[in-house]
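Listed below are the residues making up each chain.
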Amino acid sequence: MHRFASSDRGSIPAVLLTSIIVGGLVVVLVAAVLVNQRTARFDRSYTTVLQSADEYVQEAAHHVIRGDWDPAGTAPVGTVEKNYAGATCTAATDGDVCWSATKTSDLTWEVESTVAARTTANDVVTRTVKMDVVDRPRFFIAAFADTQIRFTGGNGAASYGGGGWFTGNGIVASNEDIRLSGASTGVDGVHLFNWDNYNAPGRCVHTGGNDCDDVLADPAVAPSARFGPRLQVGGDRLGTQFIDDALAACGSPLPSYTSSTDGATLSNVTFPRCVDNLTFDTDVTIISGPIEVYVAGQFSMANGVDINCPAGGCSSGGGDPDSTKLRIYSDGGDVTIGNHANIAGAIYAPESRCAGNPSNAQGAIFGSMICGTIDNQGGWQFNYDDDLSRLGSGVFEFEDYREE
């Protein structure tokens, strides 16, 4: 019997071929792992850097809010404040952090943060985020009432600024009803806030025209859309806590002020910050402002008095009454203005009834009036002072967050 031995003649090439294939796969696998690790490191760093950039842009925003770099609030538009944690802001390298705040308008800053992190010896991840920080003006409109505005014939709303008149910002607005009576009533625009909850065109009536179609601003005029969200009294835009805080800080008892007995020439150095009742029964001249006064009780103006009017008087289309020199904040008491009375000032009374003393025909407000309700017997003229739109309230909002 013959036995045949098995041959190894074809095994060696097969083993070599298998080794080559396995080796190639290992090389490919290792390369893939390395690439994936590098990608993962890059992605992780990319995400981490964004988080850091967001952190520092928030820091820049709060730096603006605190006013650390512009405590007087007088920095001109275009001013840039920068803070560097690394070598430079424009050529970021490993570990660099920088932020900047650029004043783009009187009440708006663009804040920017750039963060860089090294992922490998040759790779640096850099990400930049920006957003706008806006200080909302407290006196943003000619006349606003939380619940109702009622003009009884011959009323109007215009605006002035920069020495010129009729700048198109004579806007009246309410969260609820607006009644404009008489064909001679004319305003630059009407804004209906609280539209989501009260979307009835009939809430605004102009008996001298076709409903409110002839006075609704078109196109919409800043600072709000024609129809907008509710402005909540006690909320951010119409906050009232700062009034309570100011009155509490003044202590008690609070003095009352009457111009005929306590002086009709006012200075911000001597005028009381807080009063119980504020009464202007004679003409009042402000020689030094701004005067900010917080009123716990009633604010009243007698018939025919002129408050803070320039030498030529307060008149629509003439002069340039500086309403920024007098700012009155009411804690909810009545605001009463007499017949033929004129005032250049900003009146903030979102919880108050603003009406006559007892009647209030032919009065004029140069500045802004914000009330719970506004009611008059006719002939009131509201003249918004555009300079008020450049006075911040300290209520900041973040807008237009973006990566660049």
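Above: the structure in question.
Residues numbered from 1 in each chain as written. Predicted model: local features only at pLDDT ≥ 70, side-chain atom pairs only at ≥ 80, totals over all residues. Heavy atoms only, no water.

Structural notes on the nonpolar core
Here comes step 1: With 68 residues, the main nonpolar core has V190, L278, F280, M369, I374 and F382 as its most contacted residues.
Here comes step 2: With 6 residues, the top contributor of residues to this core is strand 23 (residues 342-356).
Here comes step 3: Setting aside its immediate chain neighbours within four residues, F280 contacts Y257, S259, L266, F299, S300, M301, A302, V305, I307, L326 and I328.
Here comes step 4: Ranked by size, the runner-up nonpolar core spans 18 residues in total, among them V49, A75, W109 and V115. (Core = buried A, V, L, I, M, F, W, Y, C linked by side-chain atoms within 4.5 Å. Buried < 20%, exposed > 50% of the residue type's maximum accessible area, 1.4 Å probe, protein only. Helix = DSSP H or I, 4+ residues; strand = E, 2+ residues; numbered from the N terminus. Contact = heavy atoms within 4.5 Å.)

A short note on the environment of M301
Here comes step 1: Here M301 is to be found in strand 19 (residues 299-301).
Here comes step 2: What makes M301 buried here is its relative accessible area of 0%.
Here comes step 3: Remark: the alpha-carbon pair of M301 and L278, spanning 23 residues in sequence, is separated by 8.6 Å.
Here comes step 4: Excluding anything up to four places from it in sequence, M301 contacts F280, I307, T336, I337, G338, A341, N342, I343 and N357.

Quick look at the packing of aromatic side chains
Here comes step 1: If you walk through the whole model with that rule in mind, you get 20 aromatic pairs.
Here comes step 2: Each ring, one from F139 and one from Y329, has its centre 6.0 Å from the other, and the planes form 35°; the classification is tilted. Taken together, the residues span a long stretch of sequence, with F139 in the loop between strand 4 (124-137) and strand 5 (143-152) and Y329 in strand 21 (residues 326-330) at a distance of 190 residues.
Here comes step 3: You can call F139 buried: its relative accessible area is 4%.
Here comes step 4: Ring geometry for F280 and F299: centres 5.8 Å apart, planes at 85°, overall edge-to-face. In this pair, F280 sits in strand 16 (residues 278-280) while F299 sits in strand 19, placing the two residues 19 residues apart along the sequence. (Phe/Tyr/Trp six-rings, centres within 6.5 Å; stacked < 30°, edge-to-face > 60°.)

A short note on helix 2 (residues 241-250)
Here comes step 1: Within helix 2 the residues assigned to the buried category are I243, A246 and L247. Buried residues of helix 2 fall within an arc of 95° about the axis and therefore sit on the same side. In helix 2, the exposed residues that point more than 90 degrees away from the buried face are A248 and A249.
Here comes step 2: Summarising the contacts, the buried residues of helix 2 are in contact with strand 15 (274-275), strand 18 (291-295), strand 21 and strand 23.
Here comes step 3: Two residues or fewer after helix 2 comes G251, characterised by a positive phi angle close to 80°. (Arc of directions from axis to C-beta.)

Some words on the state of the cysteines
Here comes step 1: Under the definition given, this model contains 3 disulfides.
Here comes step 2: Each sulfur in the disulfide pair C250 and C274 lies 2.0 Å from the other. Looking down the S-S bond of the C250 and C274 bridge, the torsion is 60°, so its handedness is right-handed. Of this pair, C250 sits in helix 2 while C274 is found in strand 15, placing the two residues 24 residues apart along the sequence. (Disulfide = S-S within 2.5 Å.)

Describing the pairing of strand 6 (residues 156-161)
Here comes step 1: Counting buried positions along strand 6 yields 6 of 6 residues, so the element is predominantly enclosed.
Here comes step 2: The alternating pattern of strand 6 places G156, A158 and Y160 and A157, S159 and G161 on opposite faces, both of which are buried.
Here comes step 3: Looking at chain direction, strand 6 and strand 10 (residues 186-187) are connected through 2 bridges and run parallel. Each bridged residue has a counterpart across the sheet, and for A157 the counterpart in strand 10 is V187.
Here comes step 4: Where strand 6 meets strand 25 (residues 381-385), 5 bridges bridge the pair, whose relative direction is parallel. Paired with S159 across the two strands is Y384, which belongs to strand 25. (Pairing = 2+ DSSP bridges.)

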